[in-house]
Amino acid sequence: MTTTLTPILTAFWDEPHSWSRKTYERNGGYEALRKALAMPAADVLAAVKDSGLRGRGGAGFPTGLKWSFLPKPDGGPRYLVVNADESEPGTCKDIPLLMASPQTLIEGAIITSYAIGCHKAFIYLRGEVVHVYRRLLGAVAEAKAAGYLGENILGSGFDLDIVVHAGAGAYICGEETALLDSLEGRRGQPRLKPPFPAVAGLYARPTVVNNVESIASVPSIVGRGAGWFKSMGTDRSSGFGIFSLSGHVNRPGQYEAPLGITLRELLAMAGGIRRGHELKFWTPGGSSTPIFTGKHLDVPLDFESVGAAGSMLGTRALQIFDDTTCVVRAVLRWTEFYKHESCGKCTPCREGTYWLAQVLKRLEAGQGSEEDLAKLLDICDNILGRAFCALGDGATSPITSSIQHFRDEYLAHLAQGGCPFDPSRSTLFEEAFA
Amino acid sequence: MPLTADVTERLTADAHQIMERYPVARSALLPMLHLVQSEEGYISPDGIAFCARTLDLTPAEVAAVATFYTQFKRRPNGTYTVGVCTNTLCAVMGGDAIFETLEKNLGSGHDETTGDGTITLERVECNAGCDYAPVVMVNWEFFDNQTPGSAKAIVDKLRAGEAVVPTRGAAKVHTFKEASRVLAGFLDGHENEGVGAGPASLQGTLLARREGWTAPDPGAGTTPVDGTKQKGQS
Ligand SMILES: Cc1cc2nc3c(=O)[nH]c(=O)nc-3n(C[C@H](O)[C@H](O)[C@H](O)COP(=O)(O)O)c2cc1C
Ligand code: SF4
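Residues numbered from 1 in each chain as written. Chains lettered and ligands numbered in written order. Predicted model: local features only at pLDDT ≥ 70, side-chain atom pairs only at ≥ 80, totals over all residues. Heavy atoms only, no water.

Overview of the overall build of chain A
Step number 1: Helices and strands together make up the secondary structure of chain A, namely 16 helices and nine strands.
Step number 2: The C-alpha atoms of chain A give a radius of gyration of 22 Å, which matches the 22 Å a tight globule of 434 residues would have.
Step number 3: On the principal axes, the C-alpha backbone points of chain A span a range of 75 × 45 × 40 Å.
Step number 4: In chain A, which comprises 434 residues, the share counted as buried stands at 65%.
Step number 5: Within chain A, contacts between residues separated by at least 24 positions form 70% of all contacts whose residues are at least 6 apart in sequence.
Step number 6: Counting every atom, chain A has about 14300 Å² of accessible surface; 52% of that belongs to carbon and sulfur. (Helix = DSSP H or I, 4+ residues; strand = E, 2+ residues; numbered from the N terminus. Rg over C-alpha atoms; globule rule 2.2 N^0.38 Å. Buried < 20%, exposed > 50% of the residue type's maximum accessible area, 1.4 Å probe, protein only. Contact = heavy atoms within 4.5 Å. Areas by Shrake-Rupley, 256 points an atom, 1.4 Å probe, with all protein chains shown as cover.)

Description of the site of ligand 2
Step number 1: In the vicinity of ligand 2, 13 residues are found, and the nearest of them are A:C343, A:K345, A:C346, A:C349 and A:C389.
Step number 2: Considering only residue class, the shell around ligand 2 consists of nine nonpolar, three polar and one charged. (Near = heavy atom within 4 Å. Nonpolar A, V, L, I, M, F, W, Y, C, P; charged D, E, K, R; others polar.)

Things to note about the pattern of salt bridges
Step number 1: What the rule picks out here adds up to 35 salt bridges over all chains.
Step number 2: One salt bridge in this structure joins A:K193 and A:E175, with 3.7 Å as the shortest N-O distance. On the criterion of sequence distance, the pair formed by A:K193 in the loop between α8 (176–183) and β4 (207–211) and A:E175 in the loop between β3 (161–166) and α8 is long-range, its members being 18 residues apart.
Step number 3: Note that B:D14 and B:R181 form a salt bridge whose closest N and O atoms lie 2.9 Å from each other. Note that B:D14 is positioned in helix α1 (residues 5–20) and B:R181 in helix α7 (residues 176–183), a separation of 167 residues in sequence.
Step number 4: Salt bridges sharing partners connect three or more residues here, namely A:R329, A:R333, A:E336, A:K361 and B:D96. (Salt bridge = Lys/Arg side-chain N within 4 Å of Asp/Glu carboxyl O.)

Looking at the sheet that holds strand β1 (residues 80–85) of chain B
Residue and element names in this part refer to chain B.
Step number 1: Taken in spatial order, the five strands of this open sheet run β2-β3-β1-β4-β5, and their pairing is mixed. Looking at which strands have only one partner, the edges of the open sheet turn out to be β2 (112–113) and β5 (141–143).
Step number 2: In terms of strand pairing, β1 meets strand β4 (residues 136–138) through three bridges, oriented antiparallel. Looking at the pairing, V84 lines up with V136 of β4. (Pairing = 2+ DSSP bridges.)

Thoughts on the site of ligand 1
Residue and element names in this part refer to chain A.
Step number 1: Around ligand 1, the surrounding shell holds 18 residues, and the nearest of these are G57, N83, N210, N211 and S214.
Step number 2: One nitrogen or oxygen atom from the side chain of K66 is found 3.1 Å from an oxygen atom belonging to ligand 1.
Step number 3: In the complex, 89% of the free accessible area of ligand 1, which totals 610 Å², lies under the protein chains.
Step number 4: Looking at the shell around ligand 1, the elements that each hand over two or more residues are β4 and α16 (390–416).
Step number 5: Per-element tally for the shell around ligand 1: the top contributor is β4, with three residues. (Polar contact = N/O pair within 3.5 Å; in protein donor to acceptor, adjacent residues only side chain to side chain.)

Remarks on the environment of A:E370
Step number 1: Looking at the element boundaries, A:E370 is found in the loop between α14 (347–364) and α15 (371–383).
Step number 2: Among residues more than four places away in sequence, those in contact with A:E370 are A:R407, A:L411 and A:L414.

Considerations on the interface of chain B and chain A
Step number 1: Listed by partner, the interface residues are 89 residues for chain B and 101 residues for chain A.
Step number 2: When chain B packs against chain A, close to 7500 Å² is buried across both sides, 60% of that on carbon and sulfur atoms.
Step number 3: The interface formed by chain B and chain A holds five salt bridges in total.
Step number 4: Between A:D14 and B:R209 there is a salt bridge whose closest N-O contact spans 2.5 Å.
Step number 5: Applying the counting criterion to the chain B and chain A interface returns 41 residue pairs in polar contact (both at pLDDT 80 or more).
Step number 6: Listed by contribution, the elements that provide at least two residues to the side of chain B that touches chain A are α2 (29–40), α4 (59–66), α5 (88–106), β5, α7 and α8 (203–211) of chain B.
Step number 7: In terms of residue count, the dominant contributor to the side of chain B that touches chain A is α5(B) (nine residues).
Step number 8: When grouped by side-chain class, the residues that make up the side of chain B that touches chain A number 42 nonpolar, 32 polar and 15 charged. (Buried area = accessible area lost by both parts, 1.4 Å probe.)

Given below as structure tokens:
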């Protein structure tokens, strides 16, 4: 028996005006909120903890456990901040969710706020998606008009206001503490941890930061039960997630499935690699996760199995490249991205990403020497574990993993004095060049 | 153009609306910088002074923030920012070829504006539309599955003063200043235009429906049902 898709968040994205409150309610929306408001807040938190939900923003930290780290109420404010910065290369699940069904996130944010005792929540959206910002602003207004937000929500006595805030173009603002600085009106640079946001987050108050998809999964857990959620996925990676397939596949797109599905299964659903070509390499969870090859088609895509196979589940951003793609070119471009997005706060990342890009550029041009590979690995070694935040660590992933799997291809650049690949063959419109 | 007294008064009223959203006024800075761009088309010296005065910061503090973020422009922007994604996946699928075509066609490179002030060309980083690669963004609206030819058609239309329609977005692309006002948090009434989801976003939803695949029945508790095996226990 093979794994099948489990549409939950994506179930009604094709309905007309899928983003409206009416469509959402017609599909069972806001029933979980009514149920939650009739429960003690501690029971809502317990349900999320029991479900085993782990953060969908990349790191996979248990969501309920994170909420339980908030100190006891002291009468002052505590905040929920939803991370909608989605900028990790390859990651493209939160933006379509917010475009198609923003009410799911709003309901999740209300239930979460109730569970953690928050009365003012923020959604930090990357600034480069104007229409998604419109949809979110519209969704908050619609929810407020229906009495789901504001004072005394549905007669429960619970008050909540949600502010949707647009960023201004900076990948690092997806890192949760950089995000908080940015939301406070500063340059988005990471903060030293501890203290963790749960203790001193936004405005130095207790704060929960969660990914869009994590929070959007909460209504289904509260509505249908922790046991239901756990009936999907694996023991330690429970539930479902959106898998985003992009690149050289016949039907790229969003596929919502239990954690633990394999790329082989997903590729079968997506119509396989484009005709006449073979899978060469892929990222399991965005550009910061070490690349995989055809040898990894049967690795179950859950946190443990992907980790054991030498990468990370990350954001389930499956970027797929076929045999026409030059891995050195791909890695150089990612490295230029990290160099551009390095916030400059710490030396290993600021200087290291600069030098990595220089050396890779030389290699891609077929200049340099085999010693440059050792140099790259040495620089990576000086960044990994020494950088102030995970951006620096992530920058090393494509380099070390590509040298591990494709050392010969680096050497072929040197032997040929240039790139052995024709870039026009990897485009999706190669006919245009013929 | 220097900010006149009238304009400053109007912006001040807007800024106070923005500040009211937050428990601490300084949080209003990013939206206020978007607001400045909605008036000036870039982060002007007057705009920096305005933010500093309103939020009780120094101009240096405001400038330090503005220069950190790529959406804040140091020079007057074109009416339309045309951003070609040239991060790895889009670049490989054709983004590099698209960028080269536009560069040649417009005679301007990355972060440069055409002489007529219509278009600022940019290489942009991953914009979360990878399943629609190659992606082009015009004033931060999605143009999916582009080719060099389709991208050239977009800029031709823009330069001819014609409206262009995003694949997933509003009914037409609005100007840089208008889009900047939305980013300051002022809804422009276009949120119900356009599609909910494009074809790639719906692949899984429609496949599941064709195959009759559904999420497990809540009543079934922890029993795996209906083709959904519990991974790792089989
Ligand atoms: C450079 C960098 C970028 C990140 N970008 C995002 C992002 O866009 N969205 C997100 O949810 N998490 C992002 N994260 C992870 C967050 O720091 C944080 O772990 C996450 O928001 C927690 O939510 P979760 O537990 O629900 O996953 C990023 C981390 C780093 C280091
Ligand atoms: S690792 Fe890079 S992004 Fe993170 S704090 Fe250091 S310089 Fe900034």
